[in-house]
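Spelled out, the chains give:
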Amino acid sequence: MLTVCITIMAAHSGSSSVSTSPESPPVIGSSSEDAPLQYSLILNHLIGDKRQARELNPAVMGGLPNPHKSEEQKMIERGMESCAFKAALACVGGFVLGGAFGVFTAGIDTNVGFDPKDPLRTPTAKEVLKDMGQRGMSYAKNFAIVGAMFSCSECLIESYRGKSDWKNAVLSGCVTGGAIGFRAGLKAGVLGCGGFAAFSAAIEYYLH
C-alpha cells in the first residue's frame, strides 16, 4: 500500500518537474488543480475500489494460528459428537453413579442382610456385603438405562430441531419417562412423562 502511494507521488512530482522545466512555460494554477486529484487517487488506493484485499493472518494480528486438522482428528471429532457416543458415555456414567447410590442406600438401610424368614437372626458380614452388591448392581443397571435413553433421545431431538435449548431436555425427559412408565400401563406412562419432563425442566433452570 505504501509503495502505491510513493509511486503516485513520484509520478506527480515528475509531471510537475516537466511542467516547470525551462523548455515548457509554467502553467499557473496547475498545482492547485492537481492537489485534489492526487488526494483522490491516494484515497482510491487506500479505501476505494482499487484497494487490494489482504488476508488476515492470526499470527500477524497477535492471535494463535489455527492448526490444520487431519482426517483422523476430524473422524474422532465426528465420532465424539455422534449420538451413539453420547449415549454410551451417559450409560457408563449412569452405571457408576447408580452403583454408588445403591451401595450408599444399602449402607444406611438397617434391614440389609436380614432374612425375612428368620428376622431375629443376625446377618453375617458376607451376607450384608452380598445384599449391598446386589442392590448396587440393580441401581447401576437402572441408572445406566435411564442415562442412555435420555442422552440418546436428547441428541436425536436436538439434531431434528437444529437448536440447543431447554426444550430438548424437557422433551427428552418426557420420552424417557413415558417409555419407562408405559411398561406399567398408560396412566403410569403419562405420569412418568410429566414427572421426568418437570424434573428435566427444573434441572435446566437450575443449571442455566
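What you see is a predicted model; the values in this text were computed from it and never measured.

Thoughts on the packing of helix α5 (residues 83-108) against helix α6 (residues 125-161)
Point 1. One way to put it is that α5 packs onto α6 with a least axis distance of 6 Å and a crossing angle of 150°. When the axis of α5 is compared with that of α6, the two are roughly antiparallel. Of the two possible hands of crossing, α5 and α6 adopt the one that is right-handed.
Point 2. Each residue belonging to the contact of α5 with α6 can be placed in one class, and the counts come to 19 nonpolar, 10 polar and 3 charged.

Remarks on the pattern of salt bridges
Point 1. Tallied over the entire structure, the rule returns 2 salt bridges.
Point 2. In this structure, Arg135 engages Asp109 in a salt bridge whose closest nitrogen and oxygen atoms are separated by 3.0 Å. Placement of the pair is Arg135 in helix α6 and Asp109 in the loop between α5 and α6, with a sequence separation of 26 residues.
Point 3. Between Asp165 and Arg161 there is a salt bridge, and its shortest N-O distance comes to 2.8 Å.

Quick word on the state of the cysteines
Point 1. Evaluated as defined, the whole model comprises 2 disulfides.
Point 2. Each sulfur of the disulfide joining Cys83 and Cys155 lies 2.0 Å from the other. The sign of the S-S torsion, about -75°, decides the handedness of the disulfide formed by Cys83 and Cys155: left-handed. With Cys83 in helix α5 and Cys155 in helix α6, this residue pair connects regions lying 72 residues apart in the sequence.
Point 3. On the basis of relative accessible area, Cys83 is assigned to the buried category, the value being 16%.
Point 4. Among the residues examined, Cys155 registers a relative accessible area of 6% and is labelled buried.
Point 5. Paired by a disulfide, Cys174 and Cys193 hold their sulfur atoms 1.6 Å apart. Every disulfide takes its handedness from the sign of the S-S torsion; for Cys174 and Cys193 that torsion is -55°, giving left-handed. On the criterion of sequence distance, the pair formed by Cys174 in helix α7 (residues 166-181) and Cys193 in helix α8 (residues 186-207) is long-range, its members being 19 residues apart.
Point 6. Looking at the protein chain, its bonded cysteines, counted consecutively from the start of the sequence, adopt the pairing 1-2, 3-4.
Point 7. Summary of cysteine pairing: Cys152 is not part of a disulfide, and the nearest cysteine sulfur, belonging to Cys83, is at 5.9 Å.

How each quantity is defined
For every chain, the first residue of its written sequence is number 1, and the numbers climb from 1 along that sequence. At least 70 in pLDDT is required for a residue's local features to be given in this predicted model, at least 80 for side-chain atom pairs to be given and counted, and no such filter applies to totals for whole chains, interfaces and linings, which use all residues. Remark: hydrogens and water are excluded; side-chain values derive from all non-hydrogen atoms of the structure. Inter-axis angles, ranging from 0 to 180 degrees, are taken between N-to-C directions of lines fitted to C-alpha atoms, where helices are fitted over the stretch in contact. We count a stretch as a helix when DSSP gives it H or I for four or more residues in a row; a strand needs E for two or more, and each element gets its number in order from the N terminus. For classification purposes, an angle smaller than 35 degrees is called roughly parallel, one larger than 145 roughly antiparallel, one from 65 to 115 roughly perpendicular, and anything else oblique. Working rule for handedness: look at the near helix, and if it is turned counterclockwise from the far one by less than a right angle, call the crossing left-handed; if clockwise, right-handed. For this classification, the nonpolar set comprises Ala, Val, Leu, Ile, Met, Phe, Trp, Tyr, Cys and Pro, the charged set comprises Asp, Glu, Lys and Arg, and every other residue, Gly included, is treated as polar. The rule for a salt bridge is simple: a side-chain nitrogen of Lys or Arg has to be within 4 Å of a carboxyl oxygen of Asp or Glu. Disulfides are defined as pairs of cysteine sulfur atoms found within 2.5 Å of each other. Burial here depends on accessible area, computed with a 1.4 Å probe over protein chains only, as a share of the maximum for the residue type. Under 20% is buried, over 50% is exposed, and the range in between is partly exposed.

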